[in-house]
Amino acid sequence: MYQVLYRKYRPKVFSDVYGQDHVTSTLQNEIKNNRISHAYLFTGSRGTGKTTCAKILAKAINCPNSHDGEPCNECEICRAIENGSINDVVEIDAASNRKVDDIRELRDSTNYTPSTAKYRVFIIDEVHMLTPEAFNALLKTLEEPPEHVIFILATTDIHKVIPTIRSRCQRFDFKRIQPETMAIRLQQVSAQEGLTLEEDAAVLIARIADGALRDGLSILDQCASRSKSITPQLVSEVSGLAGKETLYQLSDCITHGQSSEAMEIISELYQNSYDMEQLCVEMINHFRNLLVMKTVRKSRPLMICTDDEYERIAAMAEDYTLENVIYSLDLFQDTLVKIKGGAAARIELEMALIKLCEPKLERSESALLDRLAKVERAIKTGAAALQQVPAVPQTAAVSSPSTAETPSVPSKPEPPKPEPVIPAQEKTAPPEEDLPPFDMDGVKEKTPKAPAPEPVLPSPEEPLPPTSVTTPPLQQSVTVPQQETTVTGRLPFTQWGDFIDEIKKSDISLFSVLNGAKAYVEGDRFFVDSPNKSLSDFIKIENRARTIKQALLAVTGKPYRLFIVKHDSTDQPKRDPLEDLIRNAGGRMNIDVK
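These numbers were taken from a predicted model, which means no experiment stands behind them.

(A) Local environment of a negative patch on the surface. A surface patch of like charges, here negative, comprises E198, E199, D200, D308 and E311. Only helix 9 (199-209) and helix 15 (307-317) provide two or more residues apiece to the negative patch. Structurally, D200 can be placed in helix 9. Residue classification places D200 among the partly exposed positions, given a relative accessible area of 38%.

Here's what the structure looks like:
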């Protein structure tokens, strides 16, 4: 009869136990120094070696040929304990023998001396399943057993063992076996079985086993039934997991808001019989890796993945904000709870992915914070990208020093006057060190080179200060068509948040006036749309025009000409509901959020 791998390769000595050196070394020293306790309590998660170490301990304390605390596994007693034919070592399952009468019977049997071995050993597995009455019946015997009796208790839930029992035992905590350690053991078993196990496949098995070597050997056994060459794809198919590529595809769908593609991926996985609950667990682990990548400087030791996979996760983490990762983790955790509660796994997972791909569908506080974080990140990323691009002067052939810029937008309609036609080839590009011109209400200002002080905005009767570029006389105000004073055709200025922060650093009063306004851009023209009717006059005071232009240059890296948008009393711009929400939340970002 075929023997499964986890039974075939079950450790027979302490040195064969992987990942529990802190336990095995202590037990060996106790045996060598004849300091054996009357009661032991082994606790830890499943598949970490609790029952295995209990049987090795039972052999080691009874073996007549014990050496360095290890049993010989050759004598009659060792072989009898190994095959379970000796009466002096009793293994009890507390899950099925949990009543007080079962413990009373065990307590009575402790009075009998061992027939073959030196000690009578009682191994009680899953001891936390005993009833309170059974625990109380065991207390006195556990505290003062006969000299020939040793108790070894094993449990996966130490908190359910009453304190009076815990205090009477030597406690040993078994840790989850590290993936690197488990992968080495899987490679050794594969070599002895004549299997070819790829390194990535061994790491994947270790990750799925979650620290339980028994589970890892069981998965390896299943893979060996399919093929002698075990790859990560085979492990994924056998264990019912979605491959890593699928996780990356779903993450890309979330990043780019591709809900349709995400639904197609889920449909394909469902048709291939992938476990939707396990897929949800895999997404949680995947976003946990992103969380570690975003928060821990040295994140490699905390992540269970290959080196190539680590680099790919690092690249993907750049597309996420920390708020987005935490929101996604919360949503997948809630989805997993609903699935375990009996909800349809596929439907719940599809709903979670659609909420992540379409943030507008989710109205929770965490979802709104995630959307605002995306906006701030987009603003800062865009500003940083623009600052890396050098300012390019306007492309125009210089043929005459007496030419000027295009006429500005007036603030008051006046009788139109003919405007001189300026050929394109006669325009002169402003020098790079000059700040961009400022146009407002039919008044034009040309800023001199730094570090010359900013001139006061001239009136039509005052001449302009001399600059390196000769400008024509100021033109009279002209009537502007209605479309010149509306926002039609202009793009929202998406870097308003950083711009208003720059203003706040240099001029708090200007910040107060501009706060609550919005802006648009059209080419090299910057339009301020504010409900404050005094904004036009306020900007003319002192050097506030220069402050605005310097803030724009610092944020965007390019020069703009400034205009004030005029509105009729009946022409009020409409606001997006989310824009009002953002205004109420922070009062600093007036942009459309996806």
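Here the narrative resumes, following the displayed structure.
(B) Quick look at the packing of helix 5 (residues 100-109) against helix 6 (residues 132-143). Packing of helix 5 against helix 6 brings their axes to within 8 Å, and their N-to-C directions diverge by 15°. In terms of orientation, helix 5 lies roughly parallel with respect to helix 6. When you trace helix 5 past helix 6, the crossing you get is right-handed. Between helix 5 and helix 6, the contacting residues are V100, I103, L106 and R107 on the first element and E133, A134, A137, L138 and T141 on the second. Its residues assigned to classes, the contact of helix 5 with helix 6 shows six nonpolar, one polar and two charged.

(C) Seen up close, the confidence of the model for the protein chain. Model confidence for the protein chain is summarised by a mean pLDDT of 77, while 73% of its residues fall at 70 or above. Note that residues 383-413 has pLDDT below 50 and, in this model, 73 contacts with residues that lie over four places away or in other chains. This model gives residues 586-594 a pLDDT under 50, and the stretch forms 33 contacts once residues within four places in sequence are excluded.

(D) Inspection of the side chain of S190 at higher detail. Tracing the chain through its elements places S190 in helix 8 (residues 179-193). Note on S190: relative accessible area 1%, which makes it buried. A distance of 2.8 Å separates a polar atom in the side chain of S190 from the backbone oxygen of L186. When neighbours within four sequence positions are excluded, S190 is seen to be in contact with L195, L197 and L220.

(E) Focus on the packing of helix 14 (residues 276-295) against helix 16 (residues 322-340). Two elements in contact, helix 14 and helix 16, have axes whose closest approach is 9 Å; the angle formed by their N-to-C orientations is 155°. As summarised for this structure, helix 14 and helix 16 are arranged roughly antiparallel, according to the angle between their axes. The element helix 14 and its partner helix 16 pack so that their crossing is left-handed. Across from E277, C280, V281, M283, I284, F287, R288, L290, L291, K294 and T295 in helix 14, the residues of helix 16 making contact are L322, V325, I326, S328, L329, F332, Q333, T335, L336, I339 and K340. Within the contact of helix 14 with helix 16, the residues separate by chemical class into 14 nonpolar, four polar and four charged.

(F) The arrangement of the nonpolar core in detail. Ranked by size, the top nonpolar core spans 38 residues in total, and within it F287, L290 and F332 carry the most contacts. Put simply, the parts of the chain that give this core at least two residues each are helix 12 (244-256), helix 13 (259-271), helix 14, helix 15, helix 16 and helix 17 (345-357). Per-element tally for this core: the top contributor is helix 14, with nine residues. Other than its neighbours up to four places away in sequence, F287 contacts S251, I254, Y320, V325, S328, L329 and F332. Membership of the second largest hydrophobic core comes to 30 residues, among which are F14, I86, V89 and Y119.

(G) Highlighting the packing of aromatic side chains. Across all of its chains, the model carries 13 aromatic pairs by this definition. Aromatic pair Y40 and F42: ring centres 6.4 Å apart, planes at 50°, arrangement tilted. Like Y40, the residue F42 is buried in the burial classification. A centroid spacing of 5.2 Å and a plane angle of 50° characterise the contact between W496 and F499, whose relative ring orientation is tilted. Residue W496 and its partner F499 are both found in helix 19 (residues 496-506); the two are separated by three residues, about one turn of the helix. With relative accessibility at 1%, the residue F499 sits in the buried group. Through pairs of rings, three or more aromatic residues link up here, namely F493, W496, F499, F526 and Y560. Just above the ring of Y270 sits the side chain of R346; from NZ or CZ to the centre is 4.5 Å. The ring of F563 carries the charged tip of R525 above its face, separated from the ring centre by 5.4 Å.

Scoring rules and cut-offs
- Residues numbered from 1 in each chain as written.
- Predicted model: local features only at pLDDT ≥ 70, side-chain atom pairs only at ≥ 80, totals over all residues.
- Heavy atoms only, no water.
- Patch = residues over 30% accessible without salt bridge, like charges linked within 9 Å, V, L, I, M, F, W, Y side chains within 5 Å.
- Areas by Shrake-Rupley, 256 points an atom, 1.4 Å probe, with all protein chains shown as cover.
- Salt bridge = Lys/Arg side-chain N within 4 Å of Asp/Glu carboxyl O.
- Lys, Arg positive; Asp, Glu negative; His and termini not counted.
- Charge placed at Lys NZ, Arg CZ, Asp CG, Glu CD.
- Helix = DSSP H or I, 4+ residues; strand = E, 2+ residues; numbered from the N terminus.
- Buried < 20%, exposed > 50% of the residue type's maximum accessible area, 1.4 Å probe, protein only.
- Axes fitted to C-alpha atoms, helices over the stretch in contact; angles between N-to-C directions.
- Parallel < 35°, antiparallel > 145°, perpendicular 65-115°, else oblique.
- Left-handed = near helix turned anticlockwise from the far one by under 90°.
- Contact = heavy atoms within 4.5 Å.
- Nonpolar A, V, L, I, M, F, W, Y, C, P; charged D, E, K, R; others polar.
- pLDDT = per-residue confidence, 0-100.
- Polar contact = N/O pair within 3.5 Å; in protein donor to acceptor, adjacent residues only side chain to side chain.
- Core = buried A, V, L, I, M, F, W, Y, C linked by side-chain atoms within 4.5 Å.
- Phe/Tyr/Trp six-rings, centres within 6.5 Å; stacked < 30°, edge-to-face > 60°.
- Lys NZ or Arg CZ within 6 Å of the ring centre and 35° of its normal.

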